[in-house]
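Geometric and topological summary
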Protein chains: 4
Amino acid sequence: MIKVGIVGGTGYTGVELLRLLAPHPQVELIAITSRKEDGMPVAEMYPSLRGHVSLAFSSPEKARLTECDVVFFATPHGVAMAQAPELRAAGVKIIDLAADFRLKDTAVFEKWYGLPHSCPELLKDAVYGLPEVNREAIKTAQIIGLPGCYPTTMQLGYAPLLAQGKALVNEAALIADCKSGVSGAGRKAEISTLLAEASDNFKAYSVKGHRHLPETTQGLQAIAGRKIGLTFVPHLVPMIRGIHSTLYATILPEARELDFQALYESHFKNDRFVDVMPAGSHPETRSVRASNMLRIAVHRPDNGDLLVILVVEDNLVKGAAGQGVQCMNIMFGLDEATGLTHVPIMP
Amino acid sequence: MIKVGIVGGTGYTGVELLRLLAPHPQVELIAITSRKEDGMPVAEMYPSLRGHVSLAFSSPEKARLTECDVVFFATPHGVAMAQAPELRAAGVKIIDLAADFRLKDTAVFEKWYGLPHSCPELLKDAVYGLPEVNREAIKTAQIIGLPGCYPTTMQLGYAPLLAQGKALVNEAALIADCKSGVSGAGRKAEISTLLAEASDNFKAYSVKGHRHLPETTQGLQAIAGRKIGLTFVPHLVPMIRGIHSTLYATILPEARELDFQALYESHFKNDRFVDVMPAGSHPETRSVRASNMLRIAVHRPDNGDLLVILVVEDNLVKGAAGQGVQCMNIMFGLDEATGLTHVPIMP
Amino acid sequence: MIKVGIVGGTGYTGVELLRLLAPHPQVELIAITSRKEDGMPVAEMYPSLRGHVSLAFSSPEKARLTECDVVFFATPHGVAMAQAPELRAAGVKIIDLAADFRLKDTAVFEKWYGLPHSCPELLKDAVYGLPEVNREAIKTAQIIGLPGCYPTTMQLGYAPLLAQGKALVNEAALIADCKSGVSGAGRKAEISTLLAEASDNFKAYSVKGHRHLPETTQGLQAIAGRKIGLTFVPHLVPMIRGIHSTLYATILPEARELDFQALYESHFKNDRFVDVMPAGSHPETRSVRASNMLRIAVHRPDNGDLLVILVVEDNLVKGAAGQGVQCMNIMFGLDEATGLTHVPIMP
Amino acid sequence: MIKVGIVGGTGYTGVELLRLLAPHPQVELIAITSRKEDGMPVAEMYPSLRGHVSLAFSSPEKARLTECDVVFFATPHGVAMAQAPELRAAGVKIIDLAADFRLKDTAVFEKWYGLPHSCPELLKDAVYGLPEVNREAIKTAQIIGLPGCYPTTMQLGYAPLLAQGKALVNEAALIADCKSGVSGAGRKAEISTLLAEASDNFKAYSVKGHRHLPETTQGLQAIAGRKIGLTFVPHLVPMIRGIHSTLYATILPEARELDFQALYESHFKNDRFVDVMPAGSHPETRSVRASNMLRIAVHRPDNGDLLVILVVEDNLVKGAAGQGVQCMNIMFGLDEATGLTHVPIMP
C-alpha cells in the first residue's frame, strides 16, 4: 500500500483527491493537513465523505508527512515549494497541484505569481505531470508539477498537430477560446463566483493575460520543439465542473491533404484517458463529468484551412486530482488506470 | 420631485432600488452612500446601470442626506437606527430595508439580532411597511420598517385566514415551508452561496430558528388580534431571485363549508400587487420575476381539512426594494403603482 | 455472474442502471432493449458510456431476455406487466422501476394510472422493493415493484415514527413537502422541463393529487399496521438530481419525552444506505449526488410538538436504479452494497 | 397609436414582444394569432402577463391582421413569406423575426432552410433590420427581415473594422466563437434543451455549418463592400438569456498603429443601443439582461496582432424582439428608444 498524505484538503481539488484516493485499492491515507481545521473530522466539513473517510484534518506539524511515500499538495501557490526540501530530504515523493513546479524559468514564475521561487534546485528535477506527453519521465520522477486545468486541454488538444517533425499549422497564431465551470476558481469566499453573480451569466475574463498562458506556451513548445505563439481567452460558464476548449489552428498549404482525424486517433491510440471522438462529434462537458477522461473532436468547417479542435475534461479530475492520481499510479508502477475507472455521471 | 437618498447602495437590494428609482417619474436621486466605494461611479460597479445612473458613491459624511425628502437604508442591521435620529431631526422620512424598525419589542430585537436597539423612542412611531395590511398607517408614517422577504409571503398568504373575527384554522399550528433563491443571502463573499456550492443542490437551513420567525409571528398576531403559533422552515433554492412559500393550515370544523377561494379574492380585491390566481393554479416564481407582484393560489387537497396556500414573490422586489418604493409612493401621496408597473421577465 | 437484461435503456433510470451495472463485479450485461434505437450502440446515444458499455440497443424480439437471470424494466408504466408473464414462465426474476408492481389494490392502480392491471396474479406475489422495510421478503422475491423516488424518502423518513407498537405522532395528519430535481420527470421532450422554463424558477405541482400519494400511503400503513393520513405536496427544483423531503408530524402528548434522535439512529443502525445525521444537521442533496445513500436529520424546533424530518436522496440512485441494484444484490445473495459504494460527487 | 398584430405569439420571441409592446406608449395591440391556442387568453399561457395583456390568442382567420399598421411575425421560417403578399396588398408593414426576409439570394435561402422562397418579388424590397447599419433604409421600409441573434452580435462587433475604406484586418479569416443561452433554441419540446440535459453542461454545436453563417457573411460583406471569410462556431451555455460572442481578427501590418478603442467609440457614438465599454472591460451577458442594449469591449492581448472583440446582448431583446421594436419605432417616425429604456435586471 502506498502511504499518502494530502496538504490542504479543504478545497475542491483536495476533496476530489479524497474522493478518488479513499477507495483506491493501493492507497492508505495517512494524513490530511489543514492548519485552520486542525482536529475537525474531514467528513464533518464534507458530509459526502461520511462513511468513506474517517481521518480528521491535522495541523502540518502533527501530520508526520515525512512518513508518507507521496504527498499531494492541494494548496495555493507557494506552499509546496516551501515544504518540498524537507519532504525530499526524507525521500518522500511530491505531487503539486499548484504552480510551484510547473514553470521551468523562475523569472517567468516570479513575474506571473508574484513571489520568488524558493527552491530552484528542486525545480530543475521536477517533471511536468502530463502523462500523455511525459509518461517516461513521470515513471522515475520524485517531484511532479501537475498541469493546470486549462493547460491540460490546450496541450492535449494541440499535441498531435505540433508533435510532428515539421509544422502542419501556423504555429505562430494559435487561438484557444476556453470555457470553464466555476469550480476552477476554487472554494474561496469571493463575490464574483456567488451563484447570484455567476449563474444565468457568461463572460470572458483575464483577456489581457492569464497565468495558464506561459505554462501552456512552455508545454506546447516542448511538444513542438519549436517556438509557438498562442492567444488564450478564458471564459466563465455557469456550471460547476467542466472545461470546454475550442482550439483554432490554420492549416499550412503543405498539410492540406492530411487526414487530421486519423492523425489524432493514431497519436492517442495508447492513451487510456484520451478519447478521440468520431468525426463530426460535439463532445459535451457532462460526458466526462466526475471522470478522468478527456475527449477530443476534430473539425474542419467547409473543408477549409481552419482546424477547430473541441476538447472537454472535468477540470477537477483530468484537470487536477485525477491527473495527480494517474501520475501517482505511474510513479509507483501501478496500472495507470487504477482507481480511475469511474463512469461519468450523466445526467 | 421627491429627493431620494440611498444608504448602502452596493448590495442587491441597493442596486434593485436603483433599478426601480432611476426611471421613477417622481424621483430625483440625490445621493448613494458607500464608505468603501467613495468616489466610484455606481455604473462602474454595476454596468447594468450604465446610461441610467450617473451618480457616484459617496461617503456618508459628504452625502448631505439631510437634504433629502426620504432616505432608504439598504444596509446591514444596525445602520439605520444609528443614523435615524439625525435624519428625523432634519425632517427626513426613513425607509429601512433591514430589521431595525420591524420588531416592536426591543428585547426580541436584541435576542435575535444580538445588539441593543439604539433608538426605541423612534421605534415606537415606526410603521411596518406592508401596504396590504397597513396602508393607512403608512400614509402618514415618518419611519418605515420594511418587512423581510419571507415574512411578506407568510403574512400576505395567511392574512385572509387570520383577519376574520373568529378563527377559521388552527392558528396555534401554522406551518410555513419556504424556499428562497440565493440573492436573499445578499451580496456577501461567503462560501455557502458560491455557485459551485449552491447550484445543483437543495437544502433546508436554520430549522432551529430564523430571524424572520419573530417578525412574522408579530405580524400574524397583529392581523389576527390573537396569539398564533408558527413553524417556519426556510430552504435554499439554486436560483437567483424568487421566494415560494408553501403554507399549511388546518381548517377548523366550523369553517369546513367556507369558500376559501372567494375569501382570498375578496380580501385582496383592492390590492394591485396581490394576484389571487384561479383555483387549481400553481404559481411559479418566474411569473413575478423582477416585478412587484405577489401571486397566491389556494388549494385544499382532496377537499380535506388541510389548506395549502402557495405564495410567490420576487424577494428583491415585493420582498424588499419594490415594497419600499410602494411605501414611498403611499407616503408621498402618489399612485401606489407609480414606477412599479414592470412586466415580469419570462423566460 | 448474474445475467442481466434491461428493458428500456434510453431514459435516465436506464442509463443510470448502465452506469451502476457495467462495473458491477457480479454482473454480465446481456441485453438492452429499445425498439426505436434497435442497432444503435448504447455509447453512441450516451457518450459517457464510451469504453464502459459495448452493447447496442436491440429490439425486444431479438433480445433473448428469457436467458437472463434478472430483467430490469426502466420503462413507462404498463410495459413490465405486459412482458412479465413470459419472463416469469422462463424463470426470470423481474425488477420493475415503474409502478406496475407497486400498488396492491388493482382498483387503485387503475384509478391513478388509467389502465387496467394485466396480471393481478403476478402482482399478488410481487414484493415492494424497499430493503430497509422489506429486506427478508426481497431475499426470495421473484418480482420486485421498486418504490417511486418520492415514496422512498417519505417512507424511510417516517418509518421510525410509525414502526412502533403505538402511535407517537398524529398519524392522521402527516405533511410531506417534497422537492425534486427535474431528472425525476424523465428524459422526455416536454416544454415544462426545458432549461429555459425550469431553471431560475421554482413551483409546486400536482397539489391536487400525485401518483406517489397512494403508493406512499400504502407503504406507511404497512409500516404502521394502522391507517394513516398524508398530504403530499411536490415541488420542482431547478437542479438535475436530488430529492429533499421536509416531513412534518405532530408529536402526541404521550410521546413528548421521547428521544427522537436516538429512535432514528437505533431504527436504522443496520442499514448501510441510510445515514442518520447528527442532531441539528441540514443534509444537502449534493451530499448524496450519484450515490445510493439517503440521509436523514431529525429536528424539533423550539423543542415543541412538531417534528421536522429532513430527508435527501439522489432520485436516480436510491430513488430508482441504485435501489434496484440493492434489491438485486439481496435477491442473489450478494453483499447488499456490492457495486454501490460510490463516493458522492461534491462539488 | 400604432395598431400592431403579432403572428405566432406563443414562443419566446412572441412573449417577449408582448412584454415590450404591452406598455409601449404608442402601440395598441390588436391581435395575437395562434391556430393551436385559438381562444385562450394570452395571460393564461403566460401568467407573467396577467394584468398587462387582456387579449386572447385567435386563429389567423379571425385576426383581422389587415387592419393593423404593422404585423410582427414571431413564427418558424416560412410563415411570414406565405402571409406577406396579402398583408402588403392591404398596406400593412411587416417585421419578420424569422429568416424569410434576411437572405437576398433565394438560392442560399433554399439551401439553408430547405424550402423555396415563395415571394422573391417582396424579398427584393425587404430591408435588413439592423438599425446601426441600415437606419436610413429602415425609415422607409415596408418589410423588415430582422437579423438573427448571433448575426447581430457578429455584425455589430466587426462593423467598425470592416466599414473603413480599406481593410484593417485579415478579412478572409475572421473567427467568431459564440455562446448562447438556451432560449435561443425557442420554446420547443426537445430533449437536448431539457434542464436535465443542458444545465451543468457546455458544448459546441453545428460546427459543420449553421444557418446564421450565410446571413452574417452577407451582412459583413455589405458593411465592408468586399468579400469576407468567416468561421462561426456556436456553443450552448446553461443559462436562459444572453449571447456572448468572442470575435477574433488579425490586424494587418498597415493598421498596427491604429487606436481601435477610439475607432469603436467613434463608430457607435450615435447609437443609443450600442455601448462601447472602457478599454480592458469584460462585458457580462447579465449586464444587458432583459434590455435592448448591446455592449462591446475591444482587446488586443499583449499589444499583438490579434484583436479580440467581446460582444454581449440579450438574444431575445437586441437579438430579436427588442430590435424589432427598435425598427418599428424608426419606421413610424418615433424616437428610436421609445418603450425600450428598460434597466437590465441584475442580479
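What counts, and at which threshold
Residues numbered from 1 in each chain as written. Chains lettered and ligands numbered in written order. Predicted model: local features only at pLDDT ≥ 70, side-chain atom pairs only at ≥ 80, totals over all residues. Helix = DSSP H or I, 4+ residues; strand = E, 2+ residues; numbered from the N terminus. Buried ≥ 20, exposed ≤ 12 C-beta atoms within 10 Å, placed from the backbone. Contact = placed C-beta atoms within 7 Å. Nonpolar A, V, L, I, M, F, W, Y, C, P; charged D, E, K, R; others polar. Domains from an automatic or database assignment. Pairing = 2+ DSSP bridges. Axes fitted to C-alpha atoms, helices over the stretch in contact; angles between N-to-C directions. Least-squares fit on C-alpha atoms with pLDDT ≥ 70 in both. Core = buried A, V, L, I, M, F, W, Y, C linked by C-beta atoms within 7 Å. Expected span 1.5 Å × (residues − 1). Arc of directions from axis to C-beta. Left-handed = near helix turned anticlockwise from the far one by under 90°. Parallel < 35°, antiparallel > 145°, perpendicular 65-115°, else oblique. Right-handed = clockwise from strand over helix to strand, strands pointing away.

Remarks on the overall build of chain A
Scanning chain A for helices and strands turns up eleven helices and 14 strands. When its C-alpha atoms are laid out on the principal axes, chain A stretches across 60 × 45 × 40 Å. Per-residue burial for chain A yields a buried fraction of 60% across its 347 residues.

Things to note about the interface of chain A and chain C
Contact residues are listed per partner, giving 25 residues for chain A and 25 residues for chain C. No other element matches the three residues that helix α1 (residues 12–21) of chain A contributes to the side of chain A that touches chain C. Split into classes, the residues belonging to the side of chain A that touches chain C amount to 15 nonpolar, six polar and four charged.

Considerations on the domain arrangement of chain A
Residues and elements named next belong to chain A. Each assigned domain of chain A is listed here: domain 1 (2–125) and domain 2 (150–315). Using C-alpha coordinates to define each centre, domain 1 is positioned 27 Å away from domain 2. Facing nine residues of domain 1, the contacting portion of domain 2 comprises seven residues. It is helix α4 (residues 106–113) that provides the largest number of residues to the side of domain 1 that touches domain 2, a total of three residues. Here the residues of the side of domain 1 that touches domain 2 are counted per class, giving six nonpolar, one polar and two charged.

Points about the pairing of strand β14 (residues 306–313) of chain D
All names here are of chain D. Along β14, seven of the eight residues are buried, which leaves the element largely enclosed by surrounding structure. Bridge count for strand β11 (residues 243–250) against β14 is eight bridges, and the pairing is antiparallel. Bridge assignment links Leu247 to a residue of β14, and that residue is Ile309. Alignment of strand β13 (residues 294–299) against β14, held across six bridges, turns out to be antiparallel. Counted as the bridge partner of Leu294 is Glu313 from β14. Turn length for the β13-β14 hairpin, with the two strands adjacent in sequence and antiparallel, is six residues, and the turn residue Asp302 shows positive phi of about 60°.

Notes on the sheet that holds strand β5 (residues 93–96) of chain C
Residue and element names in this part refer to chain C. Strand order across the open sheet formed by seven strands is β3-β2-β1-β4-β5-β7-β6, with parallel pairing between neighbours. Strands at the two margins of the open sheet, each flanked by one partner only, are β3 (57–58) and β6 (127–128). Bridge analysis of strand β2 (residues 27–33) against β3 gives two bridges, and the strand direction is parallel. Residue pairing in the sheet places Ile32 in a bridge with Phe57 of β3. Sheet contacts for helix α3 (residues 79–89): β1 (2–7), β4 (70–73), β5 and β7 (143–145); angle to β5, the most-contacted strand, approximately 170°.

Concerning the relation of the copies chain C and chain B
Relating one copy of the chain to the other takes a rotation about an axis and a shift parallel to that axis. Structural alignment of chain C on chain B gives an RMSD of 0.0 Å, achieved by rotating through 180° and translating 0.0 Å along the axis. Taken together, the turn and the small shift mark the pair as related by a two-fold rotation axis. Considering only C-alpha atoms, the part of chain C nearest the rotation axis is Pro238 of chain C, at 3.2 Å.

Focus: the sheet that holds strand β7 (residues 143–145) of chain B
To summarise the sheet geometry, strands pair through backbone hydrogen bonds and adopt either a parallel or an antiparallel arrangement. All names here are of chain B. The seven strands are arranged β3-β2-β1-β4-β5-β7-β6 in an open sheet whose pairing can be described as parallel. If you trace the sheet from one side to the other, it starts and ends with β3 (57–58) and β6 (127–128), each paired once. Inspection of the sheet shows strand β4 (residues 70–73) paired to strand β5 (residues 93–96) by four bridges, in the parallel sense. Looking at β5, one finds that Val71 is bridged to Ile94. Against the sheet, helix α11 (residues 317–331) makes contact with β4, β5 and β7, and its axis sits at roughly 160° relative to β5, the strand it touches most.

Quick look at the nonpolar core
Ranked by size, the top nonpolar core spans 476 residues in total, and within it Ile296 of chain A, Ile296 of chain B, Ile296 of chain C together with Ile296 of chain D carry the most contacts. Those residues in contact with Ile296 of chain A, other than ones at most four positions away along the chain, are Gly157, Tyr264, Val274, Val276, Met277, Ile309, Leu310 and Val311 of chain A.

Quick look at helix α9 (residues 212–224) of chain A
Residue and element names in this part refer to chain A. Taking 1.5 Å of rise per residue, 13 residues should cover 18 Å, and α9 covers 18 Å from first to last C-alpha, within 8% of that figure. Looking only at α9, the buried set comprises His212, Leu213, Pro214, Glu215, Thr216, Gly219, Leu220 and Ile223. Buried residues belonging to α9 abut α4, β6 (127–128), α6 (131–139), α7 (149–162) and β10 (230–237). Following α9 by one or two positions, Gly225 has its phi on the positive side, about 70°.

Observations concerning the relation of the copies chain A and chain C
Of the two same-sequence chains, chain A is brought onto chain C (RMSD 0.0 Å, axial shift 0.0 Å) by a rotation of 180°. Most of the interface of chain A is mirrored in chain C, where 100% of its interface residues are also at the interface.

Details of the environment of Asp314 of chain B
Residue and element names in this part refer to chain B. The residue Asp314 is located in the loop between β14 (306–313) and α11 in this model. Considering only alpha carbons, one finds Asp314 and Glu132, 182 residues apart in sequence, at a separation of 16 Å. When sequence neighbours within four positions are dropped, the list of residues in contact with Asp314 reads Arg241, Gly242, Val288, Arg289, Ala290, Ser291 and Gly319.

Quick word on the interface of chain C and chain B
Opposite the 37 residues of chain C that make contact, chain B presents 37 residues. Of all elements in the fold, only β8 (174–181), α8 (195–198), β9 (203–204), β10 (230–237), β11 (243–250) and β14 (306–313) of chain C reach the threshold of two or more residues within the side of chain C that touches chain B. Of the residues in the side of chain C that touches chain B, the class split is 18 nonpolar, ten polar and nine charged.

Concerning the environment of Leu194 of chain C
Relative to the assigned elements, Leu194 of chain C resides in the loop between β8 and α8. By the C-beta count within 10 Å, which is 29 here, Leu194 of chain C ends up buried. Expressed as a C-alpha distance, the spacing of Leu194 of chain C and Val182 of chain C, which sit twelve residues apart in the sequence, is 9.3 Å. Contacts of Leu194 of chain C, omitting those with residues within four sequence positions, involve Thr193, Leu194 and Leu195 of chain D.

So, helix α6 (residues 131–139) of chain D
One turn of the α-helix equals 3.6 residues, which is why residues spaced by three or four share an orientation. All names here are of chain D. Listed as buried for α6 are Pro131, Asn134 and Ile138. Burial along α6 is one-sided: seen end-on, the buried residues are contained in an arc of 110°. Looking at the buried residues of α6, the elements they touch are β6 (127–128), β7 (143–145) and α11 (317–331).

Some words on the packing of helix α6 (residues 131–139) of chain B against α11 of chain B
Residue and element names in this part refer to chain B. Axis separation between α6 and α11 bottoms out at 9 Å; the angle between their running directions is 40°. Here the hand of the crossing between α6 and α11 comes out right-handed. Counted together, Pro131, Arg135, Ile138 and Lys139 of α6 and Gln326, Cys327, Ile330 and Met331 of α11 form the full contact between these two elements. The residue makeup of the contact of α6 with α11, split by class, is five nonpolar, one polar and two charged.

Side note on the packing of α1 of chain A against helix α11 (residues 317–331) of chain A
All names here are of chain A. Interaxial distance between α1 and α11 falls to 9 Å at its minimum, and their mutual angle equals 45°. Accordingly, the angle class assigned to the pair α1 and α11 is oblique. α11 is crossed by α1, and the crossing has right-handed handedness. Within the contact between the two elements, α1 uses Thr13, Glu16, Leu17, Leu20 and Leu21 and α11 uses Val317, Ala320, Ala321, Gly322, Gly324 and Val325. By residue class, the composition of the contact of α1 with α11 is seven nonpolar, three polar and one charged.

A word on the pairing of β4 of chain C
All names here are of chain C. Taking every second residue as pointing to the same face, both faces of β4 are buried, with Val70 and Phe72 on one and Val71 and Phe73 on the other. Bridge analysis of β1 against β4 gives four bridges, and the strand direction is parallel. Pairing of Val4 across the sheet is with Val70, part of β4. With α3 bridging β4 and the parallel β5, this β-α-β connection has right-handed handedness.

Regarding the environment of Phe232 of chain B
Residue and element names in this part refer to chain B. Along the chain, Phe232 falls in strand β10 (residues 230–237). The buried category is assigned to Phe232, around which 23 C-beta atoms lie within 10 Å. With 81 residues separating them along the chain, Phe232 and Pro151 place their C-alpha atoms 9.9 Å apart. When sequence neighbours within four positions are dropped, the list of residues in contact with Phe232 reads Ala176, Cys178, His210, His212, Leu213 and Thr216.

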